[in-house]
Amino acid sequence: MKNFDEIKKDAEEKTKIDRALISNKDFYDKELPTTKWIADKLIPCGITILSANPSSYKTWLILKMAIEIATGKPMFGYFKTSFEEETRKASLIINEESGEKTIQDRIKMLINENEKDLPIYYLNLAGIKIETDLDKVLEICKEKGIKFLIIDSLTRIHNKQENSADEVKQIFEGLVKFVKENISVILTHHNRKESMFGKNKNISQEMRGSVDLLAQVDCHLAIDIVDVDRGFITIKQPKLRVAEAIPDFKINIIKDGDKIDFVYGGLFTAQDFAESKTEEAKDIIFKVIQDNPEITRDEICLKLKGSVGERIVKMAIPRMEKEELILSATKKPKRYIIKEQNSGLF
């Protein structure tokens, strides 16, 4: 037989469910708040995760985001920041990834000295852990009027198993406390180690840890291609809970003396993709030729089948010849060697 507390709990559960029940007509007519954005169509209010391989400008981008929220400027010069005037400016960056000097140097490269009085706060290498320190961090956010919490990186701020769906859920239960106080969160996260011949076709599956990571967030942004030679990176938005995801786009890396900037560079087109993949393929093709002197183009395509497309190989080889990275030892069919392997064949 149930005791009084158990009976009371059952009654409360029934009342909660009864209150939640709504007809289709009433639900259709119910007035609900419109979607709120940190950066229009790019980052919604809630929890966003930014994933990438190492050395892919993750930390640079989150610093740029904090600066443009602090100034009210469009993010990357394009996506309107849309916090209300009195709350949009303050950010807190929990940095458990980089040394203080690294972060300071990057901030100095992103802004001028006369811009330094921005409402951005830092907790650098403070050993913050979700299990023990979130209440104190939340208290700081309330005290400073912070509405944007940046964590670099997710892996550094917990002692949970990221491959466990249950433990991932516990991590995000802690972060939801901030969302309930109208404080949005952006986390950086690492991808799994990439195989020699490239990436998973589904970029969300490249993130380390349980697939439940993706289920817990409102938005996933992924740095996909870093094309240093052509001066841009590409951003994908594999998940956006509150609206249709935007197409892949470029962010141009603009360097001017001791300054750097990151500016929206338009949509990432099929031609851009082919060009970037061609540049990526050159290193792989070079290695194949180095290991297999006097190999033909068709033989290269066969060796790289399933990892580098035939079209990309056909685009890359003439460029490599023009750049004198490789030479042809014969004319028909052409058999390729790398330049250093030329031993008086010509």
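Scroll up to find the structure.
Residues numbered from 1 in each chain as written. Predicted model: local features only at pLDDT ≥ 70, side-chain atom pairs only at ≥ 80, totals over all residues. Heavy atoms only, no water.

## Some remarks on a nonpolar patch on the surface
Okay, step 1: Taken together, the side chains of Ile22, Phe27 and Leu32 make up a nonpolar region of the molecular surface, amounting to roughly 300 Å² of accessible area.
Okay, step 2: Its place among the elements puts isoleucine 22 in the loop between helix 1 (4-20) and helix 2 (24-29).
Okay, step 3: On the basis of relative accessible area, isoleucine 22 is assigned to the partly exposed category, the value being 40%. (Patch = residues over 30% accessible without salt bridge, like charges linked within 9 Å, V, L, I, M, F, W, Y side chains within 5 Å. Areas by Shrake-Rupley, 256 points an atom, 1.4 Å probe, with all protein chains shown as cover. Salt bridge = Lys/Arg side-chain N within 4 Å of Asp/Glu carboxyl O. Helix = DSSP H or I, 4+ residues; strand = E, 2+ residues; numbered from the N terminus. Buried < 20%, exposed > 50% of the residue type's maximum accessible area, 1.4 Å probe, protein only.)

## Some words on the nonpolar core
Okay, step 1: Counting 43 residues, the largest nonpolar core has Leu42, Met75, Phe76 and Phe262 as its most contacted members.
Okay, step 2: The element that contributes the greatest number of residues to this core is helix 3 (residues 58-71), accounting for 9 residues.
Okay, step 3: The residues contacting methionine 75, other than those within four sequence positions of it, are Ile38, Ala39, Leu42, Ile43, Met65, Glu68, Ile69 and Thr81.
Okay, step 4: Ile49, Leu92, Cys141 and Val185 belong to the second-largest nonpolar core, a separate cluster that totals 28 residues. (Core = buried A, V, L, I, M, F, W, Y, C linked by side-chain atoms within 4.5 Å. Contact = heavy atoms within 4.5 Å.)

## A word on the packing of aromatic side chains
Okay, step 1: Scanning the entire structure with this criterion turns up 9 aromatic pairs.
Okay, step 2: Relative to phenylalanine 79, the ring of tyrosine 78 lies with its centre 4.9 Å away and its plane at 85°, an arrangement referred to as edge-to-face.
Okay, step 3: For tyrosine 78, a relative accessible area of 48% puts it in the partly exposed group.
Okay, step 4: The buried category is assigned to phenylalanine 79, whose relative accessible area is 6%. (Phe/Tyr/Trp six-rings, centres within 6.5 Å; stacked < 30°, edge-to-face > 60°.)

## Focus on the packing of helix 8 (residues 270-291) against helix 10 (residues 310-322)
Okay, step 1: Where helix 8 meets helix 10, the closest approach of the two axes is 8 Å, and the angle between their N-to-C directions is 70°. On the basis of the axis angle, helix 8 is roughly perpendicular to helix 10. Of the residues in helix 10, those touching helix 8 at Ala274, Glu275, Lys277, Thr278, Glu279, Ala281, Lys282, Ile285 and Phe286 are Arg311, Ile312, Val313, Met315, Ala316, Ile317, Arg319 and Met320.
Okay, step 2: Residues of the contact of helix 8 with helix 10, tallied by class, amount to 10 nonpolar, 1 polar and 6 charged. (Axes fitted to C-alpha atoms, helices over the stretch in contact; angles between N-to-C directions. Parallel < 35°, antiparallel > 145°, perpendicular 65-115°, else oblique. Nonpolar A, V, L, I, M, F, W, Y, C, P; charged D, E, K, R; others polar.)

## Some thoughts on empty space enclosed by the protein
Space left empty within the atom packing is revealed by a probe, the size of a water molecule, rolled over the atoms.
Okay, step 1: Within this structure, the stated rule accounts for 1 cavity of 30 Å³ or more.
Okay, step 2: One number sums up the size of the largest cavity: a volume of about 30 Å³.
Okay, step 3: Along its surface, the largest cavity is lined by Leu42, Leu50, Leu61, Met65, Phe76, Leu221 and Ile235.
Okay, step 4: Class assignment of the residues belonging to the lining of the largest cavity gives a composition of 7 nonpolar, no polar and no charged. (1 Å grid on protein atoms, 1.4 Å probe; cavity = no way out; pocket = protein on both sides within 12 Å on 5 of 7 lines; lining within 4 Å. Points joined across faces, edges and corners; volume = space filled by probe spheres on them.)

## Thoughts on helix 4 (residues 100-110)
Okay, step 1: Of the positions making up helix 4, those classed as buried are Ile103, Ile107 and Leu110. Here the buried residues of helix 4 occupy an arc of 65° about the axis, which is enough to place them on one side. Exposed residues on helix 4 whose side chains face more than 90 degrees from its buried face are Lys101 and Lys108.
Okay, step 2: Residues of helix 4 that are buried in the fold lie against helix 3, strand 4 (91-95), strand 5 (120-124) and strand 11 (259-267). (Arc of directions from axis to C-beta.)

## Let's talk about the sheet that holds strand 14 (residues 335-338)
Okay, step 1: One open sheet accounts for 3 strands, arranged 12-14-13; its pairing is antiparallel. Strand pairing shows two members of the sheet lacking a second neighbour, strand 12 (295-296) and strand 13 (326-328), which therefore form its edges.
Okay, step 2: Two elements, strand 12 and strand 14, share 2 bridges in a ladder whose sense is antiparallel. Residue pairing for strand 14: threonine 296 is matched across the bridge by arginine 335.
Okay, step 3: Running at roughly 95° to strand 13, helix 10 makes contact with strand 13 and strand 14 of the sheet. (Pairing = 2+ DSSP bridges.)

## Considering unusual backbone geometry
Okay, step 1: Each neighbour pair has its own omega, and for aspartate 152 with serine 153 the value is 5°, a cis peptide bond.
Okay, step 2: With respect to the helices, strands and loops of the structure, serine 153 is situated in the loop between strand 6 (148-152) and helix 6 (165-180).
Okay, step 3: Even without glycine at this site, tyrosine 57 takes up a positive phi of about 75°.
Okay, step 4: Tracing the backbone through its elements, the reader meets tyrosine 57 in the loop between strand 3 (47-52) and helix 3.
Okay, step 5: Overall, tyrosine 57 belongs to the buried group, its relative accessible area being 16%.

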